[in-house]
Amino acid sequence: MMAVDTSALMAILLDEPQAEACMDALETAGAPATSAGTMAEALVVADRRSLGQEMRRLLDGLAFEVESVTAL
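Summary of the structure given here. Model, not experiment: these values are computed from the prediction.

Taken in spatial order, the 3 strands line up as S1-S2-S3 in an open sheet, and their pairing is parallel. Both outer strands of the open sheet, strand S1 (2–3) and strand S3 (65–67), are each paired with one neighbouring strand and no more. In this sheet, strand S2 (residues 32–35) lies alongside S1 in parallel orientation, the contact comprising 2 bridges. When the sheet's bridge partners are listed, Ala-3 is paired in S2 with Ala-33. Helix H3 (residues 36–48) contacts S2 and S3 of the sheet and is inclined by roughly 80° relative to S2.

Here it is in structure tokens:
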């Protein structure tokens with residue numbers, strides 16, 4: 001399982017130098033996972049940069065396993 005954070009998702013959307021490597025890693029990961037908190041953060045950050053729809057498409061296309069946020 002690979003845990004994914006907002007910075008990797010934004011790198012892909014912004015076509016940063018590491019975007020291709022991030023996308024390759026996500027596509028080869030068995031079951032990419034992220035937390036519900038990271039999903040919310042990614043959507044907020046993308047919306048602030050007028051990339052909300054693109055982020056939604058990326059998240060849908062990658063079919064993440066979403067883990068709930070729980071107290072420690």
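Those residues of helix H4 (residues 52–62) not exposed but buried are Gly-52, Met-55, Leu-58, Leu-59 and Leu-62. For H4, the angular spread of buried residues about the axis comes to 125°, placing them on one side. Exposed residues on H4 whose side chains face more than 90 degrees from its buried face are Gln-53, Arg-57, Asp-60 and Gly-61. At its buried positions, H4 is contacted by helix H1 (6–13), helix H2 (19–28), S2 and H3. Ala-63 lies just past H4 and shows a positive phi near 50°.

At a minimum axis distance of 9 Å, the contact between H1 and H3 shows a crossing angle of 35°. Handedness of the crossing formed by H1 with H3: right-handed. Of the residues in H3, those touching H1 at Thr-6, Leu-9, Met-10 and Leu-13 are Thr-38, Glu-41, Ala-42, Val-45 and Ala-46. Its residues assigned to classes, the contact of H1 with H3 comprises 6 nonpolar, 2 polar and 1 charged.

We now examine the side chain of Thr-38. Residue position: Thr-38 is located in helix H3. Sequence-distant contacts of Thr-38, defined by excluding residues within four places in its chain, comprise Val-4, Asp-5 and Thr-6.

The rules behind these values
Residues numbered from 1 in each chain as written. Predicted model: local features only at pLDDT ≥ 70, side-chain atom pairs only at ≥ 80, totals over all residues. Heavy atoms only, no water. Pairing = 2+ DSSP bridges. Helix = DSSP H or I, 4+ residues; strand = E, 2+ residues; numbered from the N terminus. Contact = heavy atoms within 4.5 Å. Axes fitted to C-alpha atoms, helices over the stretch in contact; angles between N-to-C directions. Buried < 20%, exposed > 50% of the residue type's maximum accessible area, 1.4 Å probe, protein only. Arc of directions from axis to C-beta. Left-handed = near helix turned anticlockwise from the far one by under 90°. Nonpolar A, V, L, I, M, F, W, Y, C, P; charged D, E, K, R; others polar.

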